[in-house]
Each structure stands twice: as structure tokens, then as C-alpha cells.
Amino acid sequence: MGENLFTGIAAWLSALLNAAGVPLIANDIILMVVKFVAILVFILVNVLWLVYMERKVSAYIQCRIGPNRVGPKGLLQTVADIGKLLSKEIIIPRLSDKIVFLLAPVLIFVPPLMIMVVVPWGRDMAAVNMNIGVFYFLALASLSTLIFWMGGWSSYNKYSLVGAMRVVAQMVSYELPLVLALLGVIMLTGTLNMNTIIEAQRHTWFIFAQPLAFLIYFIAGVSETNRTPFDLVEGESEIIAGPYTEYSGMGYAMFMLAEYANVMLVSIMCTVMFLGGWLAPFGWTFIPSWFWFFIKVYVMIFIFMWIRWTYPRIRVDQLMGFGWKVLVPLSLANIFVTGVGMYIYRAIGW
Amino acid sequence: MDNSIWMVAAFYLLSAVIIVSALLVVFLKNIVHSVLWLAVCFIALAGLFLTLDADFLAAVQVLVYAGAVCIMVVFGIMLIQRGDMGKTNLFNSQTGVAAGVVALVLVVSGYLSAATHWVGTAAPVPHKTVEHIATLLLSKYVIPFEVAALLLLVALVGAIILAKEVKAKC
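Residues numbered from 1 in each chain as written. Chains lettered and ligands numbered in written order. Predicted model: local features only at pLDDT ≥ 70, side-chain atom pairs only at ≥ 80, totals over all residues. Heavy atoms only, no water.

(A) The arrangement of helix α8 (residues 158–189) of chain A in detail. Residue and element names in this part refer to chain A. Its 32 residues give α8 an end-to-end C-alpha distance of 47 Å, which sits within 8% of 46 Å, the value for a rise of 1.5 Å per residue. Between a side-chain oxygen at the N-terminus of α8 and the backbone nitrogen of Tyr 159 the separation is 2.7 Å; the capping residue is Asn 157. Gly 190 lies just past α8 and shows a positive phi near 70°. (Helix = DSSP H or I, 4+ residues; strand = E, 2+ residues; numbered from the N terminus. Expected span 1.5 Å × (residues − 1). Polar contact = N/O pair within 3.5 Å; in protein donor to acceptor, adjacent residues only side chain to side chain.)

This is how it looks when you write it as C-alpha cells:
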């Protein structure tokens, strides 16, 4: 049922171009552009939906109704919000570093979208099947820190600066356990290719083989996306909105939407590394692989939202202490145990 | 690296970006803009690695230099934030000495690169580079690798000692 829906469309388009006498290289380029645009549109639609979903989930958790006026069940609420934000004036503070100030919200979407290109959305559905996929994800994700800082620093506002400082400190500290947690999976599979990692989970998902790594990755992922309980970066009661304080209109909206793109990204990586990607559990292959991937990503996103609306914010010193004194040693121990375990398994001859 | 017209164009484009951004790092008066151009320079350098099929090195370049080294500089800047950032990148008037040193470096490196007998291999770049780098690091180059690790450990211990010292005095 629809297993080959998207790969079929790609093959059909390629054959069509071939029949029209388009040279092979132009054919490849056109196909690549179509894939990239499809991913871009998919991400943007999902981000719009996630803003709505977050408001509905938070309303449900707080015994409210949530947005229900614009469109059926309030589904068009985010569209209306974006329309409002687009029409608002963008205020640029007089003493701000104007070019950097305007560049930050433009650039903030670049790293998440570039990473989405290598994600295997289903069987044979990665736009680019990269050999170092996981490492590519980590490298580009590290660039986001600099862009957040650009926004916070250039605003010429003390709250923005404190927020920017917290962004840098928090994201650098939690990147370390995130990378070390993924290392456990990479040791088991011996590859950085996302497709091979998913294939290796055919019998056991790595959430069962590496439960500790999953937990560390999950906590570090919440922190990397700056969400509660680690949302000190934009803690409203302390520093207004952190790096985004001076942004108005669409500039602010870009940061908000990028946050949801990042949430999606962390969930996608969680699905690829620990939840078996597009593999169907219990052999239920009657549901297409890309739909399984989608379901798993949304389960992870829901858990992220659930946590956000359940836990209070922690303090800065607790944040740093937890990251460096608990998560980093635990992830190092996980790597050690994984290595020893692999040798024992090999010695037994499993 | 195949010598198609696109690869040559990419090489010259990336080289131009690298040279221009590196010059801007040196000549801009605001140190924050210098850091941002430094990040551009590092990312363009990663692109240069990509044209050579060294995908792992390119990712390392982005992760370590653009993602970590720039962030370290950023930390430094935020700790010394001042009202007027326009004069934070310091200049002096020792132009003569600087020109002499630069000329010397250019001559020496030019001579060395001209005197070196460059060996290129006809073998294609392996499909998977990570495994080869890992094998080499832990076999042939294990001693430099361990020494570098030791160096990082020493730096780490030094940082901890510095932090403790400040605490005791306060």
C-alpha cells in the first residue's frame, strides 16, 4: 500500500525527463532540486502544524481548549499568526549591529534544512545517501549556536546578551553528551551511514541495546533545542526572551519556527539512531515505511511536548552541573561498557 | 578530484571566498565581525575539502573550527563586552617589521613548496574514508595521536587549576 509512492514519483519524473531528451546530468540536477524543494515544503508545513500541535497539547495538559476559532478546530490559527507577523513592522534598535541583526533570523533556518537533506525518510528515500550522515548532522547542528549568538549579541540589549551567553554555554555543554551518546550506536554498527544504521536495527532497535545512550541523547536533545526544563535561554521571567528580545515581526517568527524545525530534527535523529528508522515493528509492513518513520518521529515530538508542559525550569548552575557532572561521565561509561560488551559477545561467539 | 569545468570553477570560487574572508578577518575594526568572517573562511575551507572527496575532513573542519573554535572566541568577546565595539581589533604602526616578516614567510614557504617533490597517486579516493583514517590514527600514527590527547588533558588540568585559584582568592 503506497510503499513505493515517493520513489515511484521520482522514477517516473526521471523517466519522463529521459524521454524528453534531457541530458543525464541535467536530469540528475532537476531531480535533486525537486527532492530538495519537496523536503523544504514538507518541513515548513510540519513546522506550522507543530506550532498548532504544541498549543493544543499544552491546552490539553492545562485543562484548556486551546485555539479553536480560526478554521476547522482552529487549524488555521498558525497561518493567521504568521500572516499577522508578516505584516508587522520590523523594528531595528538604533545601536544594534544592523547587518548581523538582520542576518541572524535569515541564517537560523539554514543548518536544520541542510541536515534534512540526508535524512532517510523511508526505504531508499534519502535525498542524498551520505557515507558520513551522522557526522554531517553533528557538524552542521553545531553551527546553530553561532547563529543564535549573532542574534543575541547584535541586538545591543543586556537581556539579549545574557541570553546569547546562555545559548552558547548550554549548547556547547550539551553537545558533548549528545555526541558521546550517539557514539555507542556507531560502535555497534561500525558506520556513520544512516541507512546502514537503520538496516542494523532489523532485529533489535538500539533503544533496547543502548537504553542509557537513548536517555542521554534524549535529555541532551531537549537541551539542544532550548526547551523546558532547559529553556533558560529564553526564560521569560528572567531575561524576557533571551536572544530574541529585540526581534519583532517575522524576525521573531523565524526564530520560533526554527525552534520547531530543531525539535523535528532531534526527533528524526532519535528515530534513525534508536527507534529503527523506517523499519516496521512486528513485521507490520502493510503500513509503508515512510509512514512508520513519520509515526515514530511524531511520537518523539509528542514526548518532547509532554515534557515541556510537565516540568518546571531548572537553574543555570543546576544545568551546568547536571551536564558536566552527570551526563558526560555517564556517556563515557556507556562507551566503555559498550566496548567491553562487544568484546565479550565476540569472545562468546554470538 | 575530477578536472571538470565545474570542479575548477568551484575551486576558484572557494579560494576567492577564503582569501577575501581571511583578509576581512585581519582588516576589520570590529572583532565580532572578524569572528563571523573567520567562520565563513572555515566553512569555505570545508568546501575545498569536499572538492577533494575528503568528506570526513570537511565535516571535521565545520564541527571543530566553525562550530567550536569560533565559539571559544565568542566566549572571550562576551566576557570583555564594551560600549564601543568599533575599536576592539587593535592595530599598530609597526608596518616595516610586519612587511619584513611576511616577505620572509612568503619566500621560505614558496621555496619549500617549489623544492618539494609532490607525489600524487593515480589510485581513486576510497569510497569510505572514515575507516582508513581511523586505522591509520590507531596504528601508524598512534604516538602523535596519544601525545595530542595528553596535551589536551594537560590543558584541561590547567584550566581547572586556574578556575580553582580564582575561587580561593575571592
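(B) Examining the UniProt feature "transmembrane region" (unreviewed entry) in chain B more closely. Residues and elements named next belong to chain B. The positions UniProt marks with the feature "transmembrane region" (unreviewed entry) are residues 6–28, 35–52, 58–80, 101–121 and 141–163. Regarding residues 101–121, the helix share stands at 71% and the strand share at 0%, and the terminal C-alpha atoms are separated by 35 Å. Between the C-alpha atoms that bound residues 141–163 the distance is 34 Å, and the span itself is 96% helix and 0% strand. (UniProt positions renumbered as here; feature names shortened; annotations may be inferred.)

(C) The packing of aromatic side chains, seen in detail. Residue and element names in this part refer to chain A. For the structure shown, the criterion picks out 23 aromatic pairs over all chains. Both rings, one in Tyr 244 and one in Tyr 252, keep their centres 6.3 Å apart while their planes meet at 70°; by these two values the pair is edge-to-face. Judged by centre distance (5.0 Å) and plane angle (65°), the rings of Tyr 247 and Phe 255 are edge-to-face. The same class applies to Tyr 247 as to Phe 255, namely buried. (Phe/Tyr/Trp six-rings, centres within 6.5 Å; stacked < 30°, edge-to-face > 60°. Buried < 20%, exposed > 50% of the residue type's maximum accessible area, 1.4 Å probe, protein only.)

(D) Representation of the interface of chain B and chain A within the structure. Each partner contributes to the interface: chain B provides 27 residues, whereas chain A provides 24 residues. For the pair chain B and chain A, the summed buried area comes to about 2300 Å², and 79% of that belongs to carbon and sulfur atoms. Remark: the boundary between chain B and chain A carries zero salt bridges. Seen at the junction of chain B and chain A, the total is one residue pair in polar contact (both at pLDDT 80 or more). Looking at the side of chain B that touches chain A, the elements with two or more residues in it are α2 (31–51), α3 (55–79) and α5 (130–138) of chain B. (Contact = heavy atoms within 4.5 Å. Buried area = accessible area lost by both parts, 1.4 Å probe. Salt bridge = Lys/Arg side-chain N within 4 Å of Asp/Glu carboxyl O.)

(E) The UniProt feature "transmembrane region" (unreviewed entry) in chain A, seen in detail. Residue and element names in this part refer to chain A. On the UniProt side, "transmembrane region" (unreviewed entry) is annotated at positions that read residues 29–52, 99–122, 134–156, 176–198, 204–222, 260–284, 290–310 and 322–345 here. Along residues 176–198 the backbone is 83% helical and 0% strand, and the end-to-end C-alpha distance reaches 23 Å. End-to-end, the C-alpha atoms of residues 290–310 are 30 Å apart, and along that stretch the chain is 90% helix and 0% strand.

(F) Fine view of the side chain of Ser142(A). For Ser142(A), the position within the fold is in the loop between α6 (133–141) and α7 (143–154). In this structure Ser142(A) comes out as buried when scored by relative accessible area, which is 0%.

(G) Highlighting unusual backbone geometry. Residue and element names in this part refer to chain A. If you check the backbone angles, Cys 63 has positive phi at about 55° while not being a glycine. Structurally, Cys 63 can be placed in the loop between α2 (24–61) and α3 (77–87). Since its relative accessible area comes to 73%, Cys 63 is described here as exposed. A positive phi angle, near 55°, is found at Tyr 156, a position not held by glycine.

(H) Empty space enclosed by the protein, seen in detail. Residues and elements named next belong to chain A. According to the stated counting rule, one finds three cavities of 30 Å³ or more in the structure shown. Of the volumes computed, that of the largest cavity is approximately 150 Å³. What lines the largest cavity is a set of 13 residues, and nearest its centre among them are Ala 141, Glu 224, Asn 262, Leu 265 and Val 266. Broken down by secondary-structure element, the contributors of at least two residues to the lining of the largest cavity are α6, α8 and α13 (250–274). Counted by class, the lining of the largest cavity contains seven nonpolar, four polar and two charged residues. (1 Å grid on protein atoms, 1.4 Å probe; cavity = no way out; pocket = protein on both sides within 12 Å on 5 of 7 lines; lining within 4 Å. Points joined across faces, edges and corners; volume = space filled by probe spheres on them. Nonpolar A, V, L, I, M, F, W, Y, C, P; charged D, E, K, R; others polar.)

(I) A look at the confidence of the model for chain B. Across chain B, the average pLDDT comes to 83, with 88% of residues at or above 70. By mean pLDDT, helix α6 (residues 142–169) of chain B is the weakest element of chain B at 83, and helix α4 (residues 95–115) of chain B is the strongest at 91. (pLDDT = per-residue confidence, 0-100.)

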